[in-house]
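Listed here are the chains, written in short residue letters.
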Amino acid sequence: MVDDVEELRRELARLTGPARTSTLYDLARVLTDRYWRAGPGRSGAIRDLTGAIEALTEALGYFAADDTLRAPFAVQLGSLLAARYMAHGSQDSDRQTGIELLTGSLGSPRLSPGQVALGRLMLGQLHLSRAVGRLRTGGILPALRPGGGSQVEAARTAAGCFRQVLAEPELSPQITTTVRTLLTVADGIVEAFSGVGVNPAALTRAMQTMQRLHKEGRGLGMGSFFTAGSRLARTDPLDRPVILIEANEPVAHRAEPAPVDARPAATVDELRQVMRKQLGDDPYQAAPVLLAEPDVAVADELVALATTVVHTGSAEAADHLLLALALTLRSRADDGPGAEEDADDARASLRTAASGELPPEAFPLLLRLAHRLDEHAATGVAAALRTVGADALAVPQPDGVLLVHAGTGQVSPGTERTLPRRTLLVADRPPAAGVAIVSTLAGHTQLLDLARRKRRAIIEEPVLLAGPDGVELRRRYGRGELLHEATATDVLARLSATLLHLDCPTGPTGTLLLAKRTELTAEAVLAAQIRRAGGLVVLPPGAAFPAMADAFLTAGFTGAVGWLGPVEPEAAAEVYRELHRLLGEERRSPAAAVHAVRRQLRNIASGLVHRGVF
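The structure displayed is predicted, hence computed values, not measured ones.

Engineer: So what exactly am I meant to see when it comes to the environment of R347 here?
Structural biologist: Position of R347 among the secondary structure elements: in helix α14 (residues 339-355). Look past the residues within four positions of R347 in its chain and what remains in contact with it is E340, L373 and E375. Among the polar contacts listed, one links the side chain of R347 to the side chain of D344, at a separation of 2.8 Å.

Engineer: Before we go on, may I ask you to explain the nonpolar core in this structure?
Structural biologist: Nonpolar side chains tend to gather and get buried jointly when the protein is soluble and globular. The biggest cluster of nonpolar side chains holds 87 residues, and the ones touching the most others in it are L321, L393, L447, L500 and F552. In terms of residue count, the dominant contributor to this core is helix α13 (residues 317-333) (10 residues). Contact partners of L500, with chain neighbours within four places excluded, come to V463, V491, R494, L495, L536, V537, V538, F552 and F557. Grouped together as the second largest cluster of nonpolar side chains are 26 residues, L8, L24, A45 and A74 included.

Engineer: I keep staring at helix α2 (residues 21-38) and nothing clicks. Help me out?
Structural biologist: Since there are 3.6 residues in each turn of an α-helix, residues three or four apart along the chain are aligned in direction. For α2, with 18 residues, the first-to-last C-alpha span of 26 Å sits near the 26 Å given by 1.5 Å per residue. Buried within α2 are the following residues: T21, T23, L24, L27, A28, V30, L31, T32, D33, Y35 and W36.

Engineer: Can you help me understand the confidence of the model for the chain in this one?
Structural biologist: Low pLDDT marks regions whose predicted coordinates should not be analysed in detail. The predicted model of the chain averages 83 in pLDDT, with 83% of residues at 70 or higher. Counting contacts from residues 134-146, a segment whose pLDDT is below 50, to residues more than four positions away or on other chains yields 55 contacts. Confidence over residues 217-265 falls short of pLDDT 50; this stretch has 132 contacts with residues more than four positions distant or in other chains.

Engineer: Just to check I follow, could you spell out the environment of H580 for this structure?
Structural biologist: Of note, H580 is situated in helix α22 (residues 569-585). For the pair H580 and P590, spaced 10 residues apart in sequence, the C-alpha separation works out to 9.5 Å. A polar atom in the side chain of H580 sits 2.5 Å from the side chain of Y477. Within the structure, H580 has its side chain in polar contact with the side chain of H501 (distance 3.0 Å).

Engineer: Sorry, what's going on with the packing of α13 against helix α15 (residues 363-373) here?
Structural biologist: A pair of packed helices is captured by two measures, namely the crossing angle of their axes and the spacing between those axes. Between α13 and α15, whose axes approach to 11 Å, the crossing angle comes to 35°. The element α13 and its partner α15 pack so that their crossing is left-handed. In this structure, α13 contributes L321, L322, A324, L325, T328 and R332 to the contact, and α15 contributes L365, L366, L369, R372 and L373. Looking at the contact of α13 with α15 residue by residue, the class counts come to eight nonpolar, one polar and two charged.

Engineer: How should I be thinking about the packing of aromatic side chains in this particular structure?
Structural biologist: Each pair of aromatic rings is reported with the distance of its centres and the angle of its planes. Applying the stated rule across the entire model yields four aromatic pairs. Pairing W563 with Y576 gives two aromatic rings, centres 6.2 Å apart and planes at 80°, and the pair type is edge-to-face. In this pair, W563 sits in strand β12 (residues 559-563) while Y576 sits in helix α22, placing the two residues 13 residues apart along the sequence. The class for Y576 is buried, based on a relative accessible area of 3%. Members of the aromatic cluster, connected to one another through ring pairs, are Y25, F63 and F73.

About the criteria used
- Residues numbered from 1 in each chain as written.
- Predicted model: local features only at pLDDT ≥ 70, side-chain atom pairs only at ≥ 80, totals over all residues.
- Heavy atoms only, no water.
- Helix = DSSP H or I, 4+ residues; strand = E, 2+ residues; numbered from the N terminus.
- Contact = heavy atoms within 4.5 Å.
- Polar contact = N/O pair within 3.5 Å; in protein donor to acceptor, adjacent residues only side chain to side chain.
- Core = buried A, V, L, I, M, F, W, Y, C linked by side-chain atoms within 4.5 Å.
- Buried < 20%, exposed > 50% of the residue type's maximum accessible area, 1.4 Å probe, protein only.
- Expected span 1.5 Å × (residues − 1).
- pLDDT = per-residue confidence, 0-100.
- Axes fitted to C-alpha atoms, helices over the stretch in contact; angles between N-to-C directions.
- Left-handed = near helix turned anticlockwise from the far one by under 90°.
- Nonpolar A, V, L, I, M, F, W, Y, C, P; charged D, E, K, R; others polar.
- Phe/Tyr/Trp six-rings, centres within 6.5 Å; stacked < 30°, edge-to-face > 60°.

Encoded structure:
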């Protein structure tokens, strides 16, 4: 066949003008046959398809607009443009030109019944593509807007084309099944968007039908369009001009579209509620179980629901995350030809979710999917880790921990016993003191917030509210303000300190009891105005932890040292002496100093915790 192409091209080189028409036709026929035998959609075959399109485009130019011989060429060219658009995702101009050529030529008496039916099928698919976007396995519906408009009108026109095909003598059972399924999709879109607001049930049904069409089918191929006619019904499916897919189960044909449901549109929150019911009370907790044993039926339902939520309102990052989950489930549940496309769509949805503001409870699912899909979805977190000098962020899970690595942005599973050297742990309680220097955090959003703050040297402006050991502690820094007593107002006035040591009694709810019967609460700290942020606060035993620590971090501090439980005053004093020696004299970072104290004074300092990034 290669020799045929080269021979035809040599012949064309000797011809000029309209005399080239017949040879261009033959070249297009050979290239089209070669393209469809190679397989529609294959990147290596696009060259033959484009060559056929170029040959027919030139040939068509030699006909007058009113020449009746023009129609077969126009229908053939329109069908090939449709193939390039839908199978290869070419420019929208292919779709528009294909629509114009097919619309203007299908009424010609020069066309056989088979050419008319198959050309109309191609035309219907081009119109439908305007409503649902480029069709691909697991494809995602574009953001259709309620109230109809050009996209719904395109779906209505597509439905009309499909009905006309079904009204004619059957070309083959496979084509009839495909056309009926396409009609169901088109009618579903019209029903979903032609009423008052959006009919989510109709949209979901349309989505499920389209997904089933892609997931259960296999490419029929377009074959040589030049074999259309009486021979067509007897040819193998690989020689028929159909570019979508053959469904395994027939879809019932509706002679008339279902009446439009004019009920009020469901709100986005109601749609989310329906989706979450499919996942259980807590979708983020249910996800690991679903990923361990994915079910294709459940996955298909979730994809339909999640897609509807994402494209029927104001989508949030969490909505895109659940769509990524649904697509991942389906790619893992069914290893058919669409699995990789589902995985690609899941990665795209995951990136969209990562670029938005996820609730803290959703972040572990983002990491789990990033690991499953080998996608660097936590790039912002990785950048923040590098800023604060940490090696990894660890997020505990029932089956271990998920680690975001600062250097690569990759996510990997791990355990608390094998944490990287400098780890930020999303937890209230650190593991037992080991090799790793561990600080706790409330969540990834706290890391992102703290990483934006400027780090200040602790010895720059220390303030110590301390008892008898105050003078010794201050000597470790060689400067600073020593307070033997202070009111809540006095403490709030010193929140710009680079080190704020608070050795004072605590109340039953973890508040700080200060001079003149004043009390410092977490709420008061949160409401304070800090002139210069970036300091470290050392809280006394009994202070509410981590609530009080998080209040100081939210207010502007970058680190907090606190206790997980009660400690004897003498033990606390010993811990403080060693802690401040390491901070002031050896200039260690707060996290490293706390780590060293916990290892040296295991019996009395096991409850000491560093929270934050510095």
